[in-house]
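In case you want the letters, here they are:
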Amino acid sequence: RYLGFSSHARPETLERFLDWKDCFDFVQIQLNYLDWTLQDARRKYEILAGRGIPVMVMEPCRGGRLASLEQEIDVMLKKARPDDSIASWAFRFAKSLPGVQVVLSGMTNLDQLKDNIRTFSDPTPISEEEKGLLDQVVSTLVDLVPCTACRYCCEGCPQSLDIPGLLSLYNEMSFD
């Protein structure tokens, strides 16, 4: 009854596809507070939100990577919300975005299920202060080369390189 698709495409490709066919009831994208910048999930989300297309979130904990961080980061997050799990920060980030209808969660045991139920039962959105804390977490996890993908640098490149694309790959590789 509902037509949607799952995508790991770059924002430009997602936009071109949606321009080609305007008939989708939802789109599933990888979205979490790390990939918000690292894989430009923000832009993908904005494209979908701008078209009024509901978002289904995959990889909110990035395959478990955001469920257990380095000890110093865990301490920062626990100080801010002592009763919350580290994974709950990723879920709260995703569920706080307007237009997000489903957040897929991989679980392997009953404790994780109970934690997810507790997290999703609380309607409190993530605060601006907490978003700032997550920005600190991201900067601790990976030293990103900043790029707005404006493409001004591409016009004068003698090698015709896709510089924003290369920086994005570099940032991804520096994390993984």
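The following paragraphs examine the structure supplied in this document. In this text, all values refer to a predicted model and were calculated from it rather than measured experimentally.

Reading guide: rules and limits
- Numbering of residues begins from 1 in every chain and follows the order in which that chain's sequence is written.
- With the structure being a predicted model, the display of local features is reserved for residues of pLDDT at least 70 and the display and counting of side-chain atom pairs for 80 or more, all residues being used for whole-chain, interface and lining totals.
- Excluding hydrogens and water, the side-chain figures rest on all heavy atoms present in the structure.
- Between 30 and 60 degrees the pair is tilted, below 30 it is stacked and above 60 it is edge-to-face, where a pair is any two Phe, Tyr or Trp rings, Trp via its six-membered ring, whose centres lie within 6.5 Å.
- To qualify as a helix, a DSSP run of H or I must reach at least 4 residues; to qualify as a strand, a run of E must reach at least 2; elements of each kind are numbered from the N terminus.
- Burial status follows relative accessibility: with a 1.4 Å probe on protein chains alone, a residue under 20% of its type maximum counts as buried, one over 50% as exposed, and anything between as partly exposed.
- The contact criterion used is simple: two residues touch if any of their non-hydrogen atoms lie within 4.5 Å.
- N or O atoms within 3.5 Å of each other form a polar contact, as long as, within protein, one can give a hydrogen and the other can take it, and as long as residues adjacent in sequence are counted only when both atoms are side-chain atoms.

Some thoughts on the packing of aromatic side chains
Then comes step 1: If you walk through the whole model with that rule in mind, you get eight aromatic pairs.
Then comes step 2: With 6.3 Å between their ring centres and 75 degrees between their planes, Tyr-33 and Phe-93 make a pair best called edge-to-face. Of this pair, Tyr-33 sits in the loop between β2 (26-30) and α2 (35-38) while Phe-93 is found in helix α5 (residues 86-95), placing the two residues 60 residues apart along the sequence.
Then comes step 3: Residue Tyr-33 is classed as buried on the basis of its relative accessible area of 4%.
Then comes step 4: With a centroid separation of 5.3 Å and 85 degrees between ring planes, the pair formed by Trp-36 and Phe-93 is classed as edge-to-face. In this pair, Trp-36 is assigned in helix α2 and Phe-93 in helix α5, connecting sequence segments 57 residues apart. There is no split in this pair, since Trp-36 and Phe-93 are both buried.
Then comes step 5: Through pairs of rings, three or more aromatic residues link up here, namely Phe-5, Phe-17, Trp-20 and Phe-24.

What about the environment of Ser-96?
Then comes step 1: One can find Ser-96 in the loop between α5 and β4 (100-103).
Then comes step 2: Contacts of Ser-96, omitting those with residues within four sequence positions, involve Pro-125 and Ile-126.
Then comes step 3: Within the local environment of Ser-96, its side chain forms a polar contact with the backbone oxygen of Arg-92, the two atoms lying 2.7 Å apart.
Then comes step 4: In terms of polar contacts, Ser-96 uses its side chain to reach the backbone amide nitrogen of Ile-126, at 2.7 Å.

A closer look at unusual backbone geometry
Then comes step 1: Non-glycine residue Glu-59 carries a positive phi angle of around 60 degrees.
Then comes step 2: In this structure, Glu-59 sits in the loop between β3 (55-58) and α4 (71-80).
Then comes step 3: Of note in this structure, Arg-62 is not a glycine but carries a positive phi near 50 degrees.
Then comes step 4: Residue position: Arg-62 is located in the loop between β3 and α4.

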